[in-house]
Amino acid sequence: MSSKKDPQLPAERKGRFSRRGFIRGVGIGGGALGAGLLEKEATAAPPAGGVVGPGAIPITLNINGKPVNVSVEPAVTLSDALRDYLDMTGSKRVCDRGTCGACTVIMNGKSVYSCTVLAIDAQGKNIETIEGLGGPDKMHPVSQAFWNNDAQQCGYCTPGFVMACKGFLDEHPNPSPEDVKHGLGGNLCRCGTYMGVRKAVLEAAAAMKGAKKNG
Amino acid sequence: MADTPDYSWPSMESRKAMGKSIKRLDGPVKSTGRAKYTSDLRPRDMLYAVYVHSPHAHARVTGVDTSDAEKSAGVKAVHVTAPAGTEVQYQGWEIAAVAATTEQAARVAAGRIRVEYEVLPHLVKDDDLSKATGRTKQGGEKVVGDPDETFKNAEVVSEGQYGIPIANHCCLEPHGAVIQWQGDKVYAWPSTQDVTTWATQLSPNIKVDATNIKVKMDYIGGGFGSKFGPDAWGETAARLSQKAGGRPVKLFLERDAELMIAGNRPPAYGKIRIAGKKDGTITGWQSDTWSTGNMPLPYIIDQIPNMRIKHDTVSINSGPSRAWRAPNNQQLSYLTCSALEDFAAKIAMDPIEVFKKAVEYAPKARVELYKYQLDKAAELTDWKNQWKPRGSGSGTVRRGLGLGISAWGGAGHNSNCRTTINPDGSVLVEIGTQDLGTGTRTIITQVAAESLGLPMGKVKLVIGSNDLPPDAASGGSSTVGGVTVSTRRSSVNALAKLFEAAAPALSAQPADLEAVDGHIRVKGSPNKSMTWETACKKIGPGKISEMGSFNRRQPAPGMNDQGVGGVQIADVSVDTETGLVKINHYTAVQDCGLIVNPRLAESQIYGAIIMGISTALYEERFFDQQTGKYLNADMEFYKLAGIGDIGDIKVHLDIRPENDKRGVIGLGEPPAVAICAAIGNAVTNAIGIRVPHIPMTPSHVLDALEGRIA
């Protein structure tokens, strides 16, 4: 899709926001990036137009099939954009550095930690969040399986687990119990609900295949 | 007046809602991401607050300059919590906080606060008492019988060194609150295990009457004993809100601060000697231990006739200790059970038999229970065939089995409940409690439904606010014992009023009525019956609203109780080349009382074990001794167990009539106790030598195997 033709797009947007532009614009880099790399990328960045921030800038995200306009500072992560600007709080901020999986969303078909993606970099991508799955009255088979198998206690890790599970099953519709242990290894739970999660993933796999057959 | 109603629980066989594995009521909102936790809230005009923390483990603040931060874009309030002169006692100590219109703006402004420190000498190492000069306090010595003579004349003396370090709670939802202080009123949405008394703890610090502090919390993302009071951040958020003209302020700790300052389980280290006979009889105990807190040894087997017990406390520059799911019991169980296993190995006896002899020294009421549980656990694990004497395995990967035992109280806390029955038949149950994820919502609703003879869906439950009938903190596994009794009593009381209203229409006495399957009917005459709704219409104008309470000082025999034991067995494989420990199977035999919901009870046990496996194998803080800095205050290197790290867990929950008769007993903590003990013993059994320090990481295992332990 061409985002430039989207009439909802704010006029200021030039479609050139990039990580390089962000880094240059803000003038500081994340601790994980070496200074040399920053220097090189900044030099390679296009002159005008790519420089944004540090104040908020308008962007458009494609979330659960709908374009959403929001104005965020370039340093805001996708996770924080969802939570603090769009009231989509299913994605939780826990480790905030790509370890625990509580912020998992699906982007262009792949599970990603939304705390490691800048909101401005998520433009033009198809973002699926847990809010796009069914709600409590019409649960997605994965959510239903998590409930059926008591795969949640405090529930703070659960939405991330549900999204990681959906992403995993989209790619591995017929997993073995061993596959589940590896495929869901990127999400952490502190209450210790893994026994329920193991069963839930297998049950969801069966239910989703059933749904496909029936539908 | 009628006599006191009969509140006793319906018989096991007759229960319709209680005792059933009903799915947790908040499962759908949690599984779909719709549950709103405190950290998800965003009331209108909310400001985001960010803390500045001390980078030093021990220092004196000599200056805090906030002038640049105050001028920073978007900033609405700055509050200094550690002014010049403050002696900072640990890294992460709160110095100042900024509230701004966006979190990013608050972060930028926080970075502009200039703090000057005079750095002072620190102690961050807790595992070596010899380095703690001037930081220790001797706890004195307790002597029972004649330990010196006993050890001198003993047939066998075993001894060992054991250690279990500080662990961080690492709740997934960090500590924090959203607070609005407007005029003389404070609205607080904390993440807390204690909705009822949170306000009374904040009140004196901000000089606002507790009646003017409204507290509300729907969901909490983990507490585990670390989230009771308002803490420093509760007050800081309130003051920022006041300074910002009453706009709500959200202040949650970032992950590094969460690990540094919001939850430290005390460590325990020391040397233990056991004197005994070759037949496995223990005759003497000697322990010399230290911790940042008290560690009353020996655990469970405290009736040994001859003992010398010495314990020192040491203060280190690390975040304050907090209660952890069965406080201190993990440490005590680990130290005691490790020493028992070492004694068994010394006399070449099966540890099951040694433990069975040792529990003769447990409190009398539990001796037979532990023996029964040891046999049961041995049976479930096929111990007789699977267990091999210590170190008898060969090859690179060696298997071992190990034992741990536990004890916990679990008595109910003070609780008040109100049950309201409306003329339209709707039912409201209200308690100022909280559901930590243990399933409190579900079990309260089960008890109300059971008591009123209604389906679960007919009962509306409201919890999570200090406007409701007061409950108490969810700690000590006390919630279930309290809320079930208060709910039962208020519901029975309300039902008695409904019987009074309905009795004339059934030409019966209120005392002859019963509520079954959505009907009010005459006992013994099922034909003389009316639907719940018809009966409720007889209430007339107004409604029925009755209270029910449980007070700890007035025991409710048969309704709730305390005191459970447990035995757990770990089956592990240890790779002697890499030092890697893998859990094969983990088995728990858990004593219990009346179980309201077996599904939720089992989840508690699984969860407790998984959390225990995490501390036994992975969780370890690393400090730079020179700078005093916590190097892995994150979730990458402060490692938690994942879904593939826990082996297969088998739970034997001892649901049986004798236990049911005791009434309800809390279950969140008892199964969390024995895991380090069982896994430590299993590793030792596998490789033939003691790995003294938890966690059983490759580094610790290889140190032991290669004799690098002093």
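Reading the values: rules and limits
- Residues numbered from 1 in each chain as written.
- Chains lettered and ligands numbered in written order.
- Predicted model: local features only at pLDDT ≥ 70, side-chain atom pairs only at ≥ 80, totals over all residues.
- Heavy atoms only, no water.
- Phe/Tyr/Trp six-rings, centres within 6.5 Å; stacked < 30°, edge-to-face > 60°.
- Helix = DSSP H or I, 4+ residues; strand = E, 2+ residues; numbered from the N terminus.
- Buried < 20%, exposed > 50% of the residue type's maximum accessible area, 1.4 Å probe, protein only.
- Lys NZ or Arg CZ within 6 Å of the ring centre and 35° of its normal.
- Contact = heavy atoms within 4.5 Å.
- Domains from an automatic or database assignment.
- Buried area = accessible area lost by both parts, 1.4 Å probe.
- Salt bridge = Lys/Arg side-chain N within 4 Å of Asp/Glu carboxyl O.
- Pairing = 2+ DSSP bridges.

Asker: How would you summarise the packing of aromatic side chains if you had to cite specific residues and measurements?
Answerer: Between two aromatic rings, the relevant description is the distance of the centres plus the angle of the planes. The full count for this structure, using the stated rule, is eight aromatic pairs over all chains. Taking 4.9 Å as the distance between ring centres and 85 degrees as the angle between the ring planes, the aromatic pair formed by Y156 of chain A and Y37 of chain B counts as edge-to-face. Of this pair, Y156 of chain A sits in the loop between α4 (141–148) and α5 (158–171) while Y37 of chain B sits in the loop between α1 (27–31) and β1 (47–53), each in a different chain. A relative accessible area of 1% means that Y37 of chain B is categorised as buried. Measuring from centroid to centroid gives 5.5 Å for Y269 of chain B and W290 of chain B, while their planes differ by 25 degrees, and the two rings are stacked. You can see Y269 of chain B sitting in strand β15 (residues 268–276) and its partner W290 of chain B sitting in strand β16 (residues 282–291), a full 21 residues away along the chain. By relative accessible area, which is 14% here, W290 of chain B ends up buried. An aromatic cluster of three or more residues is present, and its members are F146, F161 and Y194 of chain A. Directly above the ring of Y372 of chain B sits R656 of chain B, whose terminal nitrogen or CZ lies 4.6 Å from the centroid.

Asker: Could you give me a rundown of the side chain of D660 of chain B, with the residues and numbers involved?
Answerer: In this fold, D660 of chain B is placed in helix α16 (residues 657–660). Those residues within four positions of D660 of chain B in sequence are excluded, and the remaining contacts are M12, R15, G593 and L594 of chain B.

Asker: Kindly report on the environment of A339 of chain B, identifying the contributing residues and their values.
Answerer: Residue and element names in this part refer to chain B. Relative to the elements of secondary structure, A339 occurs in helix α8 (residues 329–346). Taking the C-alpha atoms as reference points, A339 and T420, separated by 81 residues in sequence, lie 55 Å from one another. Among residues more than four places away in sequence, those in contact with A339 are S158, Y162, I272, I274 and W285.

Asker: Requested: an account of the domain arrangement of chain B, with residues and values cited.
Answerer: Residues and elements named next belong to chain B. Segmenting chain B into domains produces domain 1 (12–35 + 412–550), domain 2 (45–121 + 175–252) and domain 3 (325–410 + 561–705). If you average the C-alpha positions of domain 1 and of domain 3, the two centres end up 38 Å apart. With 24 residues of domain 1 in contact, the opposing surface of domain 3 contributes 22 residues. Here domain 1 meets domain 3 over a buried area of about 1,600 Å², counting both sides, of which 56% is carbon and sulfur. Three residues, M12, S21 and S477, lead the burial of domain 1 against domain 3; their summed loss comes to 31% of the area buried on that side. The interface formed by domain 1 and domain 3 includes one salt bridge. A salt bridge links R15 to D660; the shortest N-O distance between them is 2.6 Å. Where the side of domain 1 that touches domain 3 is concerned, the elements lending two or more residues are α12 (440–452) and α13 (479–502).

Asker: I'd like a rundown of the pairing of strand β2 (residues 59–65) of chain B, residues and numbers included.
Answerer: Residues and elements named next belong to chain B. Direction of pairing for β2 relative to strand β4 (residues 87–88): antiparallel, over a ladder of two bridges. The residue of β4 that forms the bridge with R60 is E87. Sheet topology note: the β2/strand β6 (residues 114–119) ladder contains six bridges and is antiparallel. Bridge pairing in β6 places D65 opposite R114.

Asker: So what about the pairing of strand β23 (residues 519–522) of chain B? Which residues, and what values?
Answerer: Residues and elements named next belong to chain B. The alternating pattern of β23 places I520 and V522 on a buried face and H519 and R521 on a face that is not buried. Pairing analysis gives four bridges linking strand β22 (residues 513–516) to β23, with the strands arranged antiparallel. Within β23, the residue paired with V516 across the bridge is H519. Counting the residues that bridge the hairpin from β22 to β23 gives two residues, and of these D517 lies at a positive phi of roughly 50 degrees. Judged from the four bridges that link them, β23 and strand β24 (residues 525–531) form a sheet pairing that is antiparallel. Bridge assignment links V522 to a residue of β24, and that residue is S525. Counted along the chain from β23 to the antiparallel partner β24, the turn is two residues long, and its residue G524 has a positive phi close to 85 degrees.

Asker: How would you summarise the pattern of salt bridges if you had to cite specific residues and measurements?
Answerer: Summed over all chains, the structure comprises 58 salt bridges over all chains. Where R190 of chain A meets E619 of chain B, a salt bridge forms, and the shortest distance between an N and an O atom there is 2.6 Å. Residue R190 of chain A is located in the loop between α6 (177–183) and α7 (194–214), and its partner E619 of chain B is located in the loop between α15 (598–617) and β28 (623–624); the two belong to separate chains. Note on accessibility: R190 of chain A and E619 of chain B belong to one class, buried. Note that R107 of chain B is salt-bridged to E254 of chain B, the shortest N-O span being 3.3 Å. One end of the pair, R107 of chain B, is in helix α3 (residues 103–110); the other, E254 of chain B, is in the loop between β13 (249–252) and α7 (255–261), with 147 residues separating them in the sequence. A relative accessible area of 29% means that R107 of chain B is categorised as partly exposed. Three or more residues are tied together by salt bridges with common partners; here these are D80, R93 and D96 of chain A together with E103, R107 and E254 of chain B.

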